[in-house]
Amino acid sequence: MVEVTTEQGKLEGVKVKTVTDNCEYYSFKGIPYAEPPIGKLRFLEAQPIKPWTGTRKATEHGPISPQFDIFANEKKAGNEDCLYLNVYSPDISPKTPLPVMVFIHGGGLKCGSGNDDHYGPDFLVSHGVILVTMNYRLDVFGFLCLDTKEVPGNAGFKDQVLALKWIKQNIRKFGGDPNNITLFGESAGGLSTSLHVLSPLSQGLFQRAIVMSGSPFCEWALSFEPRKRAFVLGKQLGLETEDPDKLLEFLQSVPVESLENTTPCILISEQQSDYTKFYHFTAVVEKELGQAAFISKDPEDIVKSGKINNVDVIIGYTSNEMIITLIDPNIIPRYQLYDELYLPRKIVYNSTPSKFLQIADKIKKHYGIPNAEGNTLVQRTVKFLSDSIMTYHIQKLLTLLANSGKIKTYFYQFSSQSERNVIGKLGKEFGIPGTSHIDDLMYLFNANIYNNPLIKGTKSYNMVHQFCTLFTNFAKYGNPTPDGSMGVTWPEYDTIHKGYLDIDEELSSGTALHEDVIQFWQEIYTSAGVPY
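It should be emphasised that the depicted structure is a prediction, and the values quoted were computed from it without experimental measurement. (Residues numbered from 1 in each chain as written. Predicted model: local features only at pLDDT ≥ 70, side-chain atom pairs only at ≥ 80, totals over all residues. Heavy atoms only, no water.)

When a protein is soluble and globular, its nonpolar side chains tend to lie buried together. By size, the foremost hydrophobic cluster in this structure holds 166 residues, and its most contacted members are Phe28, Leu85, Val87, Phe174, Phe184, Ile363 and Phe471. Of all the elements, helix α12 (residues 374–403) adds the most residues to this core, at 12 residues. Apart from the residues within four sequence positions on either side, Val87 is in contact with Tyr26, Ser27, Phe28, Ile31, Ile130, Leu131, Val132, Trp166, Ile171 and Phe174. Listed in part, the 7 residues of the second largest apolar core include Leu326, Val378, Val382 and Ile432. (Core = buried A, V, L, I, M, F, W, Y, C linked by side-chain atoms within 4.5 Å. Buried < 20%, exposed > 50% of the residue type's maximum accessible area, 1.4 Å probe, protein only. Helix = DSSP H or I, 4+ residues; strand = E, 2+ residues; numbered from the N terminus. Contact = heavy atoms within 4.5 Å.)

On to the pairing of strand β11 (residues 208–212). Summarising burial for β11: 5 of the 5 residues are buried, a large majority. Where burial is concerned, the two faces of β11 agree: the one with Arg208, Ile210 and Met212 and the one with Ala209 and Val211 are both buried. Note on the crossover from strand β10 (residues 176–186) through helix α4 (residues 188–198) to β11: the handedness is right-handed. (Right-handed = clockwise from strand over helix to strand, strands pointing away.)

Turning our eyes to something else, we now look at the pattern of salt bridges. Using the criterion set out here, one finds 24 salt bridges in the structure. Its salt-bridge partner being Glu12, residue Lys57 comes within 2.7 Å of it at the nearest N-O pair. With Lys57 in strand β4 (residues 55–57) and Glu12 in strand β2 (residues 10–17), this pair connects stretches of sequence that are 45 residues apart. Note that Glu80 is salt-bridged to Arg42, the shortest N-O span being 2.8 Å. (Salt bridge = Lys/Arg side-chain N within 4 Å of Asp/Glu carboxyl O.)

Here we come to the environment of Ile407. The residue Ile407 is located in the loop between α12 and β13 (409–414) in this model. On the basis of relative accessibility, which here comes to 10%, the residue Ile407 falls in the buried class. Contact partners of Ile407, with chain neighbours within four places excluded, come to Ile308, Asn309, Asn310, Val311, Asp312, Val313 and Leu401.

You can see His280 is positioned in the loop between α7 (256–259) and α8 (299–305). In this structure His280 touches Ser223, Arg229, Thr262, Thr263, Pro264 and Cys265, once residues within four positions along its chain are discounted.

A word on the environment of Ala209. Among the secondary structure elements, Ala209 is positioned in strand β11. Ala209 gets classed as buried once you look at its relative accessible area, which sits at 0%. Those residues within four positions of Ala209 in sequence are excluded, and the remaining contacts are Thr182, Leu183, Thr193, Val197, Asp312, Val313, Ile314 and Phe474.

Another point: the packing of aromatic side chains. Inspection of the entire model under this criterion finds 33 aromatic pairs. Aromatic pair Phe71 and Tyr275: ring centres 5.5 Å apart, planes at 70°, arrangement edge-to-face. With Phe71 in the loop between β5 (67–69) and β6 (74–76) and Tyr275 in the loop between α7 and α8, this residue pair connects regions lying 204 residues apart in the sequence. Look at Tyr275 and you get buried, because its relative accessible area is 13%. The interplanar angle of 70° and the centroid separation of 6.0 Å between the aromatic rings of Tyr412 and Phe471 together place this pair among those described as edge-to-face. Separated by 59 residues along the polypeptide, Tyr412 in strand β13 and Phe471 in helix α13 (residues 459–477) bring together distant segments of the chain. When its relative accessible area of 0% is taken as the criterion, Phe471 is described as buried. Through a chain of ring-to-ring contacts, the aromatic side chains of Tyr410, Tyr412, Phe414, Tyr443, Phe467, Phe471, Phe474 and Trp490 assemble into a single cluster. One Lys or Arg, Arg56, reaches over the ring of Trp52 and ends 5.8 Å from the middle of that ring. (Phe/Tyr/Trp six-rings, centres within 6.5 Å; stacked < 30°, edge-to-face > 60°. Lys NZ or Arg CZ within 6 Å of the ring centre and 35° of its normal.)

Despite not being glycine, Asn73 shows a phi value in the positive range, around 60°. Take Asn73: it is sitting in the loop between β5 and β6. We note that Lys498 has phi near 55°; this positive angle belongs to a residue other than glycine. One can find Lys498 in the loop between α13 and β14 (499–503). A relative accessible area of 21% places Lys498 in the partly exposed class.

Another aspect to go through is α4. Most of α4 is tucked away: 11 of the 11 residues are buried. Those residues of α4 that sit buried are Ala188, Gly189, Gly190, Leu191, Ser192, Thr193, Ser194, Leu195, His196, Val197 and Leu198.

Running from N to C, helix α3 (residues 155–170) and α4 cross one another at 70°; their axes reach a closest spacing of 11 Å. As judged from the angle between their axes, α3 and α4 are roughly perpendicular. In contact with Phe157, Gln160, Val161 and Leu164 of α3, α4 contributes Leu191, Ser192, Leu195 and His196. Along the lines of polarity and charge, the residues of the contact of α3 with α4 split into 5 nonpolar, 3 polar and no charged. (Axes fitted to C-alpha atoms, helices over the stretch in contact; angles between N-to-C directions. Parallel < 35°, antiparallel > 145°, perpendicular 65-115°, else oblique. Nonpolar A, V, L, I, M, F, W, Y, C, P; charged D, E, K, R; others polar.)

A volume near 680 Å³ is recorded for the largest pocket. For the largest pocket, the lining is made up of 26 residues, of which Leu222, Ser223, Phe224, Asp298 and Lys346 are closest to its centre. When contributions to the lining of the largest pocket are tallied by element, the ones reaching two or more residues are α5 (226–237), α8, α10 (345–349) and α12. Per element, the largest residue contribution to the lining of the largest pocket is 3 residues, and it comes from α10. Classifying every residue of the lining of the largest pocket gives 13 nonpolar, 3 polar and 10 charged. (1 Å grid on protein atoms, 1.4 Å probe; cavity = no way out; pocket = protein on both sides within 12 Å on 5 of 7 lines; lining within 4 Å. Points joined across faces, edges and corners; volume = space filled by probe spheres on them.)

This part covers α3. The end-to-end C-alpha distance of α3, which contains 16 residues, comes to 23 Å, matching closely the 22 Å that a straight helix rising 1.5 Å per residue would cover. In terms of burial, α3 is largely enclosed, as 13 of its 16 residues are buried. (Expected span 1.5 Å × (residues − 1).)

Sites flagged by UniProt as "domain: Carboxylesterase type B" (unreviewed entry) map to residues 3–521. For residues 3–521, helix accounts for 29% and strand for 17%, while the C-alpha atoms at its two ends are 55 Å apart. (UniProt positions renumbered as here; feature names shortened; annotations may be inferred.)

Before going further, it helps to spend a moment on the pairing of β2. In this structure, strand β1 (residues 2–5) lies alongside β2, joined through 4 bridges in antiparallel fashion. Directly across from Glu3, in β2, lies its bridge partner Glu12. Linking β1 back to β2 in an antiparallel pair, the connection comprises 4 residues, with Gly9 at a positive phi of about 155°. From the end of β2 to the start of strand β3 (residues 24–32), which pair antiparallel, there are 6 residues, and Asp21 there has a positive phi angle of about 65°. (Pairing = 2+ DSSP bridges.)

Structure follows, in structure tokens:
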């Protein structure tokens, strides 16, 4: 057992060996960073944790947020008292403080946790960095918006801000450098990370950011008519009112089970959507009501105004993101039924049905979907989904940040393939190559749930080492290839040369990745008369 003393009290952790047996690290799990957001605090902005007396055991993860797992298609036992984080440190008394990497999990802001079933620290801590993972409130608990000062939306993001404040205040006690913190996240965690780059509440809490497979411009990122959706939820649960205070009181009184996996749709088309492009409770642009807003302007306007946090950023995605849709056998057949699913939601909201059916035809023809059958149909639909749901929107974020002139940006595509590609292997049956959404995480974290051992000397061991080295170099030096040891220089991204790194078994740099995709989708928005 090992003890540290934080500003809030003493913690007892353990010293353990990494799964690859190449180093030891100190593990502190289930550390509370905020007061439990329960009872009358449900949906409200969380408050910092109060000090405790005695020594608190930190050997088990804290409870996870109540949730429905969209990938396993099942409810997971959670608890509203879920605001906990985990700290893993290779050395709690180093000669010089260690760089810190703080990870935000994905799951559509609807499911997931920072626990080691998916995010074991073994690979990263062996590179001499401290890893912190966290839980935050999900779905309606974290993202209900009533457009009131009490419930303006984005409570889940404000949970993350509190966690970052706790880390900055306490990480020195675990051997960490509070002035060298890299925030990173994947999918909804990538969205979260990108919004922290834009949020005034996150200023000074981290120095670098890595945005993996997410962006504020993705279809699923920003909520549509969130206040109206909250009142529809009230009606579904038995209260019809136009008074936000009555609605809040009612929603705070219903049992937690009634709020799990609700589906308050406000358009009939939403009932046909799936986890590729729509969630009921997500990020909102807050109304300025006297509260400290997480974001109060459209993300594009924030970047263009130059009012972003001065942090260097890596942004990227996998080579075939939406292989993940093959988890649900109903998704691709549904696209065959409803042409409007091919359209970005922004065009559906701002166009006429006759216009968007013409545009849907154009999209389908471009991807060769009409008359395609069997594996060919699946391959082409997955390519369409990867381009339209991830590639285009992530590159928009990249371009805006690079054009801001304020920060250094790097761009990557992750293409590594081995037995660790737990989702990408679903593509084999359909002849679909490439690396899926989530696959890249298997090269950064030891995901206990998959029981995927890492054996020294194998191809996958080398790829894990390589990917972790790139990201931890960025955390340590602000440059993922600071010297010649990686055999390649990862170029900084600018909108003239458009340099990127392809992360495969062999690293290679290139320029203007997916330029044709960007051009096509820009034409689609232009032909719809909808500004993107």
